[in-house]
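# Remarks on the overall topology
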Amino acid sequence: MSSLPAHLPAISRQHTGSTSHSTLAPAYERRLIRIASGIEAHDDQIPAEWRLQPYLDSVLPHYPDVEKVSNSEYRNHRQRVIFDLRQTTDKSVFRQWLETPELHVIYDGHARMGRGPCFGRVEQGAIQTEDWGEGNNRTTSGLFRMGFPFIGIDAAEILEHGYTAHLLKESEPIPASADCHPQLRPYLRSLHSYTPDQLHDGLAARLRNHQPGDRYWAYHLGREVKVIHHAGWQNTASHPHEWAAVNVRCRVFCHLGCSSFLHNFPIVRRQAGWRREGNDRYAYWTTASSYPPTLALWIAHLISYNVENAFASWEPSLADTVTRTNRQLRAHGYSYRMI
């Protein structure tokens, strides 16, 4: 690690909220940014121009107050903030980060149509894997659930991705509207039951706890046949890798999966009650299908914020990051935004 040039302020690692100064100069605050990359969102699987380190290397030199110490450490001398970056593709590490106070935790990857962050790796041309569901290694891969208890998904998607699904059987009651994803609720009165073969050839082999004669609730939406998944955020098949089973104490949570505001905001903020408290429990979401630029833009704008705010509220820098990220997404032709 390089030392600071002689003309720059000394650094003292005080606790968050401290207003103390070192004997030589004002102290710097260290902010820990932790990035969890989901299935198909590993760094080598996204377009080269949006990979995090190359992108930061291309834009941050334009900010004279930003010093790159290493790929994992940046110092903004105007902010008086040190940014410590770490990345993982491991679901268990993501879970630990959510439980760690003061971290800025980012999930970047598939939202699984509302079921939650999803970990693992698929190679090009080999998409079928249990990692789209409970995971080949349930500790490190598969779903971390934070969705509505019941979600309607195209039956063909199960066969396409090759995972074992837990569907709502005819023998089970039709769920209450409040327990259903908003896109499922309008169809609750028009559900019909079908055998797996009526829904899709070969589906029975991909269903958890299927018994001969079982039928499943489904509905039609255009050309798709939607089946009802047991999903949820508490007491799920993925326990303890679910929102309710984690003591979420991170300071910031960003969910950069597609349409996470629709899918997951109502669960985290309303049903689970994880609400903003002072300079803590910030949360950010996407409004529609999202794409690889989001992570790189978010991190670059966070680091390059040019107002002093060490040991102060994080809200101004986060609000600025939202604004500038959305501006650049529009400039690149994307219609979704951070919220």
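Look up: the structure comes first, before these words.
Summarised in this report is the structure supplied together with it.

### Thoughts on the side chain of Asp-131
Mapping Asp-131 onto the fold places it in the loop between strand E6 (118-119) and strand E7 (142-143). Although buried, Asp-131 forms no salt bridge, and the nearest oppositely charged side chain, Lys-91, lies 7.9 Å from it. At 2.7 Å, the side chain of Asp-131 and the side chain of Ser-141 are in polar contact. Setting aside anything within four residues of it in sequence, one finds Asp-131 in contact with Ile-39, Cys-118, Phe-119, Gly-120, Arg-121, Asn-136, Asn-137, Ser-141, Gly-142 and Leu-143.

### A look at the pattern of salt bridges
Counting across every chain of the model gives 21 salt bridges. In this structure, the salt-bridge partner of Arg-121 is Asp-44, at a minimum N-O distance of 2.8 Å. On the criterion of sequence distance, the pair formed by Arg-121 in the loop between E6 and E7 and Asp-44 in the loop between strand E1 (29-37) and helix H1 (52-59) is long-range, its members being 77 residues apart. Arg-121 gets classed as partly exposed once you look at its relative accessible area, which sits at 33%. Judged by its relative accessible area of 48%, Asp-44 is partly exposed. Through salt bridges that share partners, Arg-30, Arg-34, Glu-73, Arg-75, Asp-84 and Arg-86 make up one connected network.

### So, the environment of Asp-65
Within the secondary structure, Asp-65 sits in the loop between H1 and strand E2 (66-70). We classify Asp-65 as partly exposed; its relative accessible area is 31%. Along the sequence, Asp-65 and Gln-87 sit 22 residues apart, while their C-alpha atoms lie 24 Å from each other. Residues contacting Asp-65, with those up to four places away along its chain left out, are Arg-75, Asn-76, His-77 and Arg-78.

### Notes on the sheet that holds strand E12 (residues 252-255)
Strand order in the open sheet formed by seven strands is E2-E3-E4-E1-E5-E12-E13, with mixed pairing between adjacent strands. A single partner strand is all that each edge strand has here, and the edge strands are E2 and strand E13 (282-284). Between one strand axis and the next, the sheet turns through 15 degrees on average, direction left out of account. In this sheet, strand E3 (residues 73-76) lies alongside E2 in antiparallel orientation, the contact comprising four bridges. If you follow Ser-70 over to E3, its bridge partner there is Glu-73.

### Overview of the nonpolar core
Membership of the largest hydrophobic core comes to 45 residues, with the highest contact counts inside it found for Phe-94, Leu-98, Trp-243 and Phe-253. Taken together, the elements giving at least two residues each to this core come down to helix H2 (91-98), strand E5 (104-108), E6, strand E8 (150-154), helix H3 (155-161), strand E10 (216-221), strand E11 (224-230) and helix H6 (265-271). If we ignore the near neighbours within four places in the chain, the residues touching Phe-253 are Phe-94, Leu-98, Val-105, Tyr-107, Met-146, Trp-243, Trp-274, Tyr-282, Ala-283, Tyr-284 and Trp-285. Leu-52, Val-252, Tyr-282 and Met-338 belong to the second-largest nonpolar core, a separate cluster that totals 36 residues.

### Thoughts on the packing of H1 against helix H7 (residues 293-304)
Axis separation between H1 and H7 bottoms out at 10 Å; the angle between their running directions is 45 degrees. Here H1 lies oblique to H7, going by the angle between them. Considering the relative orientation of H1 and H7, their crossing is right-handed. Residue-level contacts link Leu-52, Tyr-55, Leu-56 and Val-59 of H1 to Ala-296, Leu-297, Ile-299 and Ala-300 of H7. When the residues that make up the contact of H1 with H7 are grouped by side-chain class, the tally is eight nonpolar, no polar and no charged.

### Some details on the pairing of E10
The side chains of a regular strand alternate, residue by residue, between the two faces of the sheet. With three bridges connecting them, strand E9 (residues 192-194) and E10 associate as antiparallel partners. Bridged to His-192 within E10 is Ala-218. Alignment of E10 against E11, held across four bridges, turns out to be antiparallel. Paired with Tyr-219 across the two strands is Lys-226, which belongs to E11. Between E10 and E11, which pair antiparallel in sequence order, lie two residues; one of them, Gly-222, sits at a positive phi of approximately 65 degrees.

### Structural notes on helix H8 (residues 315-331)
Its 17 residues give H8 an end-to-end C-alpha distance of 24 Å, which sits within 8% of 24 Å, the value for a rise of 1.5 Å per residue. Of the positions making up H8, those classed as buried are Ser-317, Leu-318, Thr-321, Val-322, Arg-324, Thr-325, Asn-326 and Leu-329. As for H8, its buried residues are in contact with E1, E5, E12, E13 and H7. Looking one or two residues past H8, Gly-333 carries a phi angle of roughly 90 degrees, positive in sign.

### Some words on the environment of Gln-124
Its location among the elements puts Gln-124 in the loop between E6 and E7. Measuring from C-alpha to C-alpha, the distance between Gln-124 and Gln-45 comes to 9.2 Å, with 79 residues separating the pair along the chain.

### Some points on the sheet that holds E8
What the four strands build is an open sheet, ordered E8-E11-E10-E9; its pairing is antiparallel. Two strands lie at the open edges of the sheet, namely E8 and E9, each paired on one side alone. The sheet shows a mean angle of 45 degrees between the axes of neighbouring strands, taken without regard to direction. In this structure, E8 lies alongside E11, joined through five bridges in antiparallel fashion. Note that in E11 the partner of Asp-154 across the bridge is Lys-226.

Conventions we followed
- Residues numbered from 1 in each chain as written.
- Predicted model: local features only at pLDDT ≥ 70, side-chain atom pairs only at ≥ 80, totals over all residues.
- Heavy atoms only, no water.
- Helix = DSSP H or I, 4+ residues; strand = E, 2+ residues; numbered from the N terminus.
- Buried < 20%, exposed > 50% of the residue type's maximum accessible area, 1.4 Å probe, protein only.
- Lys, Arg positive; Asp, Glu negative; His and termini not counted.
- Salt bridge = Lys/Arg side-chain N within 4 Å of Asp/Glu carboxyl O.
- Polar contact = N/O pair within 3.5 Å; in protein donor to acceptor, adjacent residues only side chain to side chain.
- Contact = heavy atoms within 4.5 Å.
- Pairing = 2+ DSSP bridges.
- Axes fitted to C-alpha atoms, helices over the stretch in contact; angles between N-to-C directions.
- Core = buried A, V, L, I, M, F, W, Y, C linked by side-chain atoms within 4.5 Å.
- Parallel < 35°, antiparallel > 145°, perpendicular 65-115°, else oblique.
- Left-handed = near helix turned anticlockwise from the far one by under 90°.
- Nonpolar A, V, L, I, M, F, W, Y, C, P; charged D, E, K, R; others polar.
- Expected span 1.5 Å × (residues − 1).

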